[in-house]
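# Chains, contacts and geometry: an overview
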Amino acid sequence: MSVGVGGLLDLADPDHAACRIALNGILPDVEELPTTEETGFTQVAAVAAGGPGWVAVGRHEADGRVWVSSDAQTWQRVEAPVFTGAWLGDVAAGGPGLVAVGGFHGIPDGKEEAGEWVSTDGLPWDRVDSTALGDEKALASVTVNPADGSLLAFGTRAVWASPDGYEWTAVHHRDNVVWLSQPPPHADTVWVEDTVFAAGGDVAFSLWASADRGATWVRHDPADPIFAGQNINALLLHRGKL
């Protein structure tokens, strides 16, 4: 879910190309993204306010996809060869304008690696040199610190920080013994002042907090009775409250 032009935009069905925008808090009928010209599986993974109004990312079969819209009702698919052989997991308004993260699935060359892309307006995209990511296989989510515009991205092996979407540094390496030393790669994130919260992305209850820009993480007690065995799929900051 993202806040932008016209209200709240929600992925009605993340496993398919569909979304809906809430005006005055009311969710209307689902709006299909323009994928009818293509056959095969299409998935929308994330949406963000940016570019002409809204930007959605995902994949079609073995290639990444980006769609843009000014009103969340009429969508245009962006032609971008840099997404060939990739999948896109998340997008955020940051860096030069927009930053998308994901990975290359290794078909057909067998080389799996993380992917990062940047754009000023959601239309042309450039791939960022990922040499600094080393053997990181994928970046599944990205978040922007509203205080200074810096970014955090969650990978399978580390949490990565960047001041601009171009240069990335690992600020927390996943513990090889205790795998749950950081939020899952697909976690949803929100900043509240100097603390970043991450939730979801796992079949089990997952709620984390970091007060040092992602360097260390504290997991909320999964046995907390207030959640009564439920999980959290998304986080949203509203009027300064989580």
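Here the structure is a predicted model, which means the values were calculated and not measured.

Moving on: the side chain of Ser141. Looking at where Ser141 falls in the secondary structure, it is placed in strand β13 (residues 139-144). Judged by relative accessible area, which is 2%, Ser141 ranks as buried. Among the polar contacts made by the side chain of Ser141, one reaches the main-chain carbonyl oxygen of Pro185 at a distance of 2.8 Å. Setting aside chain neighbours within four positions, we find Ser141 in contact with Asp90, Val101, Leu152, Ala153, Phe154, Pro185, His186 and Ala187.

Turning to the confidence of the model for the protein chain, a few remarks are in order. Looking at the protein chain, pLDDT values average 82 and 81% of them are 70 or higher. Low pLDDT, under 50, characterises residues 3-9; the stretch is placed with 31 contacts to residues that sit more than four places away or in other chains. Predicted confidence for residues 12-30 stays below pLDDT 50, and this span has 58 contacts to residues more than four positions away or in other chains.

With that settled, consider the environment of Val66. As for its placement among the helices and strands, Val66 is situated in strand β7 (residues 63-69). In sequence terms Val66 and Val47 are 19 residues apart; their C-alpha atoms lie 9.6 Å from each other. Beyond its immediate sequence surroundings of up to four residues, Val66 is in contact with Val55, Ala56, Val57, Gln76, Arg77, Val78, Phe83, Leu88, Gly122 and Trp125.

As for its position among the elements, Thr120 is in the loop between β11 (112-119) and β12 (126-127). Since its relative accessible area comes to 59%, Thr120 is described here as exposed. Filtering out sequence-adjacent residues up to four positions away, Thr120 remains in contact with Pro96 and Gly97.

Moving on, we get to the sheet that holds β7. Taken in spatial order, the four strands line up as β5-β6-β7-β8 in an open sheet, and their pairing is antiparallel. Looking at the sheet topology across the chains shown, the edges are occupied by β5 (42-50) and β8 (75-77). Neighbour-to-neighbour, the strand axes of the sheet open up by a mean angle of 25 degrees, direction not taken into account. Bridging between β5 and strand β6 (residues 53-60) involves eight bridges; their strand directions are antiparallel. Opposite Ala49, over in β6, you have Trp54 as the bridge partner.

Next up on the list: unusual backbone geometry. Although it is not a glycine, Glu193 adopts a positive phi angle of roughly 55 degrees. The backbone phi angle of Arg213 is positive, close to 60 degrees, even though this residue is not glycine. Examined against the element boundaries, Arg213 turns out to sit in the loop between β19 (207-210) and β20 (218-219).

This brings us to the nonpolar core. Ranked by size, the top nonpolar core spans 17 residues in total, and within it Val55, Val66, Val91, Trp117 and Trp125 carry the most contacts. At the level of secondary structure, the elements contributing two or more residues to this core comprise β5, β6, β7, β9 (86-92) and β10 (98-105). Ala114, Val128, Leu133 and Ala158 belong to the second largest nonpolar core, which has 14 residues in total.

All told, the structure shown has five aromatic pairs when counted by the stated rule. With a centroid separation of 5.7 Å and 45 degrees between ring planes, the pair formed by Phe104 and Trp117 is classed as tilted. Taken together, the residues span a long stretch of sequence, with Phe104 in strand β10 and Trp117 in strand β11 at a distance of 13 residues. Per residue, the accessibility class of Phe104 equals that of Trp117, and both read buried. Between Phe205 and Phe227, the ring centres sit 4.7 Å apart and the planes meet at 45 degrees, which makes this aromatic pair tilted. Within this pair, whereas Phe205 is found in the loop between β18 (195-199) and β19, its partner Phe227 is found in the segment after β20, the two being separated by 22 residues in sequence.

Parameters at a glance
Residues numbered from 1 in each chain as written. Predicted model: local features only at pLDDT ≥ 70, side-chain atom pairs only at ≥ 80, totals over all residues. Heavy atoms only, no water. Helix = DSSP H or I, 4+ residues; strand = E, 2+ residues; numbered from the N terminus. Buried < 20%, exposed > 50% of the residue type's maximum accessible area, 1.4 Å probe, protein only. Polar contact = N/O pair within 3.5 Å; in protein donor to acceptor, adjacent residues only side chain to side chain. Contact = heavy atoms within 4.5 Å. pLDDT = per-residue confidence, 0-100. Pairing = 2+ DSSP bridges. Axes fitted to C-alpha atoms, helices over the stretch in contact; angles between N-to-C directions. Core = buried A, V, L, I, M, F, W, Y, C linked by side-chain atoms within 4.5 Å. Phe/Tyr/Trp six-rings, centres within 6.5 Å; stacked < 30°, edge-to-face > 60°.

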